[in-house]
Amino acid sequence: GAVVSQHPSWVICKSGTSVKIECRSLDFQATTMFWYRQFPKQSLMLMATSNEGSKATYEQGVEKDKFLINHASLTLSTLTVTSAHPEDSSFYICSADSVGGKGEAFFGQGTRLTVV
Amino acid sequence: LAKTTQPISMDSYEGQEVNITCSHNNIATNDYITWYQQFPSQGPRFIIQGYKTKVTNEVASLFIPADRKSSTLSLPRVSLSDTAVYYCLVGAGAGSYQLTFGKGTKLSVIP
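Residues numbered from 1 in each chain as written. Chains lettered and ligands numbered in written order. Predicted model: local features only at pLDDT ≥ 70, side-chain atom pairs only at ≥ 80, totals over all residues. Heavy atoms only, no water.

Trainee: I'd like a rundown of the interface of chain A and chain B, residues and numbers included.
Mentor: Counting residues at the interface gives 22 residues for chain A, matched by 17 residues for chain B. Joining chain A to chain B, the criterion identifies 0 salt bridges. Our count for the contact surface shared by chain A and chain B stands at 6 residue pairs in polar contact (both at pLDDT 80 or more). Those elements that provide at least two residues to the side of chain A that touches chain B are strand 4 (32-38), strand 5 (45-51) and strand 9 (90-96) of chain A. Taken together, the residues of the side of chain A that touches chain B break down into 8 nonpolar, 9 polar and 5 charged. (Contact = heavy atoms within 4.5 Å. Salt bridge = Lys/Arg side-chain N within 4 Å of Asp/Glu carboxyl O. Polar contact = N/O pair within 3.5 Å; in protein donor to acceptor, adjacent residues only side chain to side chain. Helix = DSSP H or I, 4+ residues; strand = E, 2+ residues; numbered from the N terminus. Nonpolar A, V, L, I, M, F, W, Y, C, P; charged D, E, K, R; others polar.)

Quick look at the structure:
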């Protein structure tokens, strides 16, 4: 099946700094990627939809100026958490579609962000 | 998107068959039913998808009654490595990649 890779797998940063998370589709092109956030013992919550070459669409309640998304190519989307605070500590997961696939979404392995 | 309801948790002994039922009373005509598995600190993994009747693959079976208001994921002979959270999702058509996750079912397999 298709492979989606996230980097880094985990990151610790100081409060007030910015962190960039990469999501790559390794063996297919993804016109659309999705970013989710998951807090401990909770389900995944969709943050935004990232479209190649256009602006991302954010879900209600997600600050677009804080969570910057760039989808510059068909194989790479990035999520930058700007001016991170401890409450931004979470598990961030991306997924990608695959044209011609069976209908399943392909997820990255996730990135554990800890803001101290 | 149709809302889904699943049991919060289930326990099973190794080697048993596990059936997890999901209710989706408001499923639309063109909605597909998809199940994902998630291990701690990992992204979800696709298990199976179906529209009606029965679908079987190498890891699971999916039973969908005629009214499609529920579905049952069947895992044959579970092992300790099947301990995970299982999510049932209902979406508009195969290839609906913007997914709305419910709370999922935490399956614990006991030796």
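Trainee: With reference to specific residues and values, describe the sheet that holds strand 8 (residues 76-81) of chain A.
Mentor: Residues and elements named next belong to chain A. The strand order across the open sheet formed by 4 strands is 1-3-8-7, and the pairing between neighbours is antiparallel. Of all the strands in the sheet, the pair left with one neighbour each is strand 1 (4-7) and strand 7 (67-73). Sheet twist, expressed as the average angle between the axes of neighbouring strands with direction ignored, equals 15 degrees. Sheet topology places strand 3 (residues 19-25) next to strand 8; 6 bridges connect them, and they run antiparallel. The residue bridging Cys23 from the neighbouring strand is Ser77, located in strand 8. (Pairing = 2+ DSSP bridges. Axes fitted to C-alpha atoms, helices over the stretch in contact; angles between N-to-C directions.)

Trainee: Please give an account of the state of the cysteines that cites residues and values.
Mentor: Think of a disulfide as a covalent bridge from one cysteine sulfur atom to another cysteine sulfur atom. According to the stated counting rule, one finds 2 disulfides over all chains in the structure shown. Two residues, Cys22 of chain B and Cys88 of chain B, share a disulfide whose sulfurs are 2.2 Å apart. Residues Cys22 of chain B and Cys88 of chain B share a disulfide whose torsion about the S-S bond is about -80 degrees; that sign makes it left-handed. Placement of Cys22 of chain B in strand 2 (residues 18-23) and of Cys88 of chain B in strand 8 (residues 84-92) is noted, with a sequence separation of 66 residues between them. The cysteine Cys13 of chain A is free of any disulfide, with Cys94 of chain A supplying the nearest cysteine sulfur at 18 Å. (Disulfide = S-S within 2.5 Å.)

Trainee: Before we move on, could you go through the pairing of strand 5 (residues 53-56) of chain B and cite the residues and values that matter?
Mentor: Residues and elements named next belong to chain B. Note: strand 5 against strand 6 (residues 61-64), 4 bridges, orientation antiparallel. Paired with Thr53 across the two strands is Ile64, which belongs to strand 6. Between strand 5 and strand 6, which pair antiparallel one after the other, the connecting turn spans 4 residues.

Trainee: How would you summarise the pattern of salt bridges if you had to cite specific residues and measurements?
Mentor: A side chain of one charge can pair with a side chain of the opposite charge if their charged atoms are brought near each other. All names here are of chain A. Taken as a whole, this structure holds 2 salt bridges over all chains when the rule is applied. Where Glu22 meets Arg24, a salt bridge forms, and the shortest distance between an N and an O atom there is 3.5 Å. A residue is classified by how much of its surface remains accessible, and Arg24, at 34% relative accessible area, is partly exposed. Two residues, Asp88 and Lys66, come together in a salt bridge whose shortest N-O distance is 2.8 Å. A residue pair is termed long-range when its members are at least 10 positions apart, and Asp88 in the loop between strand 8 and strand 9 and Lys66 in the loop between strand 6 (57-58) and strand 7 qualify at 22 residues. (Buried < 20%, exposed > 50% of the residue type's maximum accessible area, 1.4 Å probe, protein only.)

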